[in-house]
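# Close look at the chain arrangement
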Amino acid sequence: MRFKLCVLAGSSKGNSIFLRIDDDRFLIDAGISNRKIEKALKELKEPDPSELTGILITHEHLDHIKGLKTLIKKYQVKCWVTYETYLKLRPKTGPIDTEFIEVAEPFSIGMVEFLPYEIPHDAVDPVAYVITKDNLRIGILLDCGKTSAYLFDGFRNLDVLIIEANHSFDQLLSSSYPTALKQRILSSEGHLSNWHTAEFVNEVKPKLVVITHISENNNTPEIVLSEIEERVDFLGGNYKPFFVVVPSKEKGAVISFNKK
Ligand SMILES: [Zn+2]
Ligand SMILES: [Zn+2]
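What this report covers is the structure whose coordinates are included nearby. (Residues numbered from 1 in each chain as written. Chains lettered and ligands numbered in written order. Predicted model: local features only at pLDDT ≥ 70, side-chain atom pairs only at ≥ 80, totals over all residues.)

On the basis of which strands lie adjacent, the open sheet formed by 7 strands has the order β7-β8-β9-β10-β11-β12-β13 and mixed pairing. Each edge of the open sheet carries a strand with a single partner, namely β7 (107–109) and β13 (242–245). Here the average twist between neighbouring strands, direction ignored, is 20 degrees. Alignment of strand β12 (residues 208–212) against β13, held across 4 bridges, turns out to be parallel. Note that in β13 the partner of V209 across the bridge is F243. This element, helix α8 (residues 194–204), spans β11 (160–164) and β12 of the sheet and lies at about 160 degrees to β11. The strands that helix α9 (residues 221–236) touches are β12 and β13; relative to β13, the one it contacts most, it runs at about 155 degrees. (Pairing = 2+ DSSP bridges. Helix = DSSP H or I, 4+ residues; strand = E, 2+ residues; numbered from the N terminus. Axes fitted to C-alpha atoms, helices over the stretch in contact; angles between N-to-C directions. Contact = placed C-beta atoms within 7 Å.)

We now examine the sheet that holds strand β1 (residues 2–11). Pairing is mixed in the open sheet, where 7 strands are placed in the order β6-β5-β4-β3-β2-β1-β14. Strand pairing shows two members of the sheet lacking a second neighbour, β6 (98–101) and β14 (255–258), which therefore form its edges. When the angles between neighbouring strand axes are averaged without regard to direction, this sheet yields 20 degrees. Bridge analysis of strand β3 (residues 24–28) against strand β4 (residues 54–56) gives 3 bridges, and the strand direction is parallel. Bridge pairing in β4 places I28 opposite L56.

Moving on: the nonpolar core. Counting residues in hydrophobic clusters, the biggest one holds 68 residues, and the most contacted among them are I17, I140, L161 and I211. Apart from residues lying up to four places away in sequence, L161 is in contact with G139, F155, V201, V204, P206 and V209. (Core = buried A, V, L, I, M, F, W, Y, C linked by C-beta atoms within 7 Å. Buried ≥ 20, exposed ≤ 12 C-beta atoms within 10 Å, placed from the backbone.)

Don't take any of this as a statement about function, it's just geometry.
Here's what the structure looks like:
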């Protein structure tokens, strides 16, 4: 089985993940312009967006849907979203060719299976995904205020975990952000800190961790790695995952492998 992944963008300015499993191609979120998505797919030597098997939207925040309107107008690709999220998207995007999904209800697109998980975040019905085909297991956990045993249980035994590590707790606290914004980010419906992410990683022990959605102001790839590795090391004994960090202003590395 061939697997290919690239975080096309991962920050509070825009998020979109390209995922290919054999001949099925997906976008998770379309929070960058259609032009940037087209360019990124070309750089990946992938066909244009008309060949996508599907688009999945995690939640309605602008940094996850910015390019969606133009993308679906130009390419008529079907979207998989919850009904509540659809109601929020519809006024911004116009008609969407949609399949409705529900938390805890698995569904297939092409040859790939998806299981959506409910997550705490200040959007109407945000979801995370565990994506499987045969013995391949991928987890995607983006904007999320806190983790839980429910998520730990669902996200074990992953080949790849794509997860946000939004901020360094200390950096956010000492930043010039207004108090209300700090409170929003730190709340249980806000974003995961480096420490949250380290605890999650240590709990579910994926083979590869792709860290994304890092704050431009309250985190850096170096701080992410040092805070997470230090914490996982402290918690995890001899568990040594492999980390890839997506810089907030650049496309992530292309990750591809074959799995038998
Ligand atoms: Zn976001
Ligand atoms: Zn969000």
